[in-house]
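Structural overview
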Amino acid sequence: MGTGTGRAVIAAAALGSGIAFLDGTVVNVALRTIGEDLDASLAQLQWITNGYLLSLASLILLGGSLGDRFGRRRLFVIGTVWFAAASLVCGIAPNPEVLIAARVLQGIGGALLTPGSLAMIQGAFTHEDRAPAIGAWSGLTSVSGAVGPFLGGGLVDYASWRWIFLINLPLAAVTVFIAMRWVPETRDPHAPSHFDLTGAVLAAAALGGATYALIEWGGTSAWVAVAVGVLAGVAFVVVEGRERMPMLPLGIFRDRTFSAANAMTLLVYGALGAMGFFVTIELQTVSGYGALAAGAAFIPATLLMLAFASYAGRLGVRIGPRIPMTFGPLVMAVGVLLYLRIDSDPSYLLDVLPGVLVFGVGITLMVAPLTATVLAAAPDEHAGVASGVNNAVARAGALLAVAALPVAVGLHGEEYAVPSAFDDAFRMAMMVCAALLAIGGVLSWLTVRSTVLEPAGDPVAGTLDGGAPGD
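Everything numeric here is computed off the predicted structure, so don't read it as measured data. (Residues numbered from 1 in each chain as written. Predicted model: local features only at pLDDT ≥ 70, side-chain atom pairs only at ≥ 80, totals over all residues. Heavy atoms only, no water.)

1. Things to note about the overall build of the chain
- What the chain contains, in helices and strands, is 16 helices and zero strands.
- Counting only residues that meet the buried cut, the chain has 57% of its 471 residues in that class.
- Relative to all contacts within the chain whose residues are 6 or more apart in sequence, the contacts with residues 24 or more apart total 86%.
- Counting every atom, the chain has about 17,300 Å² of accessible surface; 69% of that belongs to carbon and sulfur. (Helix = DSSP H or I, 4+ residues; strand = E, 2+ residues; numbered from the N terminus. Buried < 20%, exposed > 50% of the residue type's maximum accessible area, 1.4 Å probe, protein only. Contact = heavy atoms within 4.5 Å. Areas by Shrake-Rupley, 256 points an atom, 1.4 Å probe, with all protein chains shown as cover.)

Put into structure tokens, the structure is as follows:
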């Protein structure tokens, strides 16, 4: 921390992650407009969100493994360029089907760049600087959460929703320039040369089957998708257990803290994904907000993350991760319940802002300690895989929640555009999201240790190319 190289690593990692995060927040703001412009159904809007999450969650483990083998910076740069190219296709898509396909391609790029961003930090920083570095990364990444909805909403209202994708191109160019110019290459010198493509295909089939079944629930094809998803999921576990060099080494789940942190991630990020989907549409469909106003409504929460995420990382080091990982989700649950005050004529200061602020405090407490705990609980040589696992779990949670919750609360077809129908569904959805967050907090209290684990493994696993060990 404090060196030019350290600042460059954090800047590149934050920019790359921020681009991927930007599209998640901005697309939610633009969904209603996209639906009107392309005449998309609710199921197609779900796929515009979930097509990206599906390929990202399915391939992010493979992306982490590739980074450990070929170089984390190299895969990060390739992923950023891929993501930019797919964004261009999104920006010129003539119909929902092309947009969905382009979003799947975006997810592939995200699967390469996202684990690389954290793995670059893990490989380049000394152990004592990693938690503050991760805190700085999460805070800077949240800049895209603050600027993204505001910028995206303005583009949707005053230009075109297509620019929310096209804006990624210059951002990606800056990211690649910083990474190639100043970020050192790191890799695992013991990484296997073999890649588990069978595992990647089975993971995609399992998540794809489950997602399709949830979105298309009620039809005969949904039951076929259920069967495909279940069989592929079982086969994935069997193959990974027998594979000599698996994409996902199942042994890392023997660590209780690693497993518990990822289980909590599944619940919490499932709630976050569904909440973002529902609240932005509620503000536009029921409350009458424009895309710009709906996006700007959440800026205070991301400003809290920007200001205090690094401090939260240091707090997690000082008192251990158990307390912030418990109370963070519980505070977030209170914030989600406060969103129930949103109605057809809400006051922003009295009905929207309280929930935004409380939610922002909770997520600020949780994010940096959670990420640092996941990485610290895994050996250094598996930095890319550990980052990939946690990112995959987070995306899978959001993917499944966005697929399942609209059906569970009774939304179908074009009802997302009917204020009375959507408002009733929104209230049920917020109760479910609050419950998921509360369960995540309780799970952390019961299972996460009170001290951050020292990472095990080969001390040269984070070696810089041509230099001394990173530690």
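2. Some details on unusual backbone geometry
- With a phi angle near 55°, D39 is a residue other than glycine that sits in the positive phi range.
- Along the chain, D39 falls in the loop between α1 (4-38) and α2 (42-70).

3. Overview of a nonpolar patch on the surface
- Together, I319, I323, F327, V442, W445 and L446 make up an exposed nonpolar region whose accessible area comes to about 560 Å².
- Among the elements of the structure, α13 (322-338) and α16 (419-447) are those that each provide at least two residues to the nonpolar patch.
- The biggest single contributor to the nonpolar patch is α16, with three residues.
- Inspection of the secondary structure assignment puts W445 in helix α16.
- Look at W445 and you get partly exposed, because its relative accessible area is 40%. (Patch = residues over 30% accessible without salt bridge, like charges linked within 9 Å, V, L, I, M, F, W, Y side chains within 5 Å. Salt bridge = Lys/Arg side-chain N within 4 Å of Asp/Glu carboxyl O.)

4. Considerations on the packing of aromatic side chains
- Here the structure, examined in full by the defined rule, presents seven aromatic pairs.
- Look at F277 and F278: their rings are 5.7 Å apart centre to centre, the planes differ by 75°, and that puts the pair in the edge-to-face class. F278 carries the same exposure label as F277, and that label is buried.
- What links up through ring pairs into an aromatic cluster is the set F277, F278 and F422. (Phe/Tyr/Trp six-rings, centres within 6.5 Å; stacked < 30°, edge-to-face > 60°.)

5. Re the packing of helix α3 (residues 72-91) against helix α7 (residues 168-182)
- Close contact between α3 and α7 brings their axes to 9 Å; oriented N to C, the two are set at 165°. Relative to α7, the element α3 lies roughly antiparallel. When the axes of α3 and α7 are compared, the crossing they make is left-handed. Of α7, the residues touching α3 (which contributes R73, F76, V77, T80, V81, F83, A84, S87 and L88) are N168, L169, A172, T175, V176, A179 and M180.
- Residues of the contact of α3 with α7, tallied by class, amount to eleven nonpolar, four polar and one charged. (Axes fitted to C-alpha atoms, helices over the stretch in contact; angles between N-to-C directions. Parallel < 35°, antiparallel > 145°, perpendicular 65-115°, else oblique. Left-handed = near helix turned anticlockwise from the far one by under 90°. Nonpolar A, V, L, I, M, F, W, Y, C, P; charged D, E, K, R; others polar.)

6. Remarks on the confidence of the model for the chain
- Here the chain averages 82 in pLDDT, and 89% of its residues register 70 or above.
- In this model residues 452-471 is a low-confidence stretch, pLDDT under 50, and it forms 59 contacts with partners more than four residues away in sequence or in other chains. (pLDDT = per-residue confidence, 0-100.)

7. Concerning the nonpolar core
- Grouped together as the largest cluster of nonpolar side chains are 135 residues, with contacts concentrated most on L99, F278, V279, L283, Y339 and M430.
- Apart from the residues within four sequence positions on either side, Y339 is in contact with M275, V279, F298, V352, G355, V356, F359, F426 and M430. (Core = buried A, V, L, I, M, F, W, Y, C linked by side-chain atoms within 4.5 Å.)

8. Thoughts on the packing of helix α10 (residues 256-285) against α16
- Between α10 and α16, the least distance of the axes is 9 Å, while the angle of their chain directions is 160°. Classed by the angle they form, the pair α10 and α16 counts as roughly antiparallel. With respect to the hand of their crossing, α10 and α16 are arranged in left-handed fashion.

9. Considering the pattern of salt bridges
- On inspection of all chains with the given rule, the structure shows three salt bridges.
- With its nearest N and O atoms 3.2 Å apart, the salt bridge here joins D351 to R341. One end of the pair, D351, is in helix α14 (residues 348-376); the other, R341, is in the loop between α13 and α14, with ten residues separating them in the sequence.
- When its relative accessible area of 13% is taken as the criterion, D351 is described as buried.
- Classification of R341 by relative accessible area gives partly exposed; the value is 42%.
- Among the ionic pairs, R427 bridges to D423, the shortest N-O distance being 3.4 Å. Of this pair, R427 and D423 both sit in helix α16, four residues apart, which is roughly one turn of that helix.
- The exposure class assigned to R427 is partly exposed, which follows from its relative accessible area of 23%.

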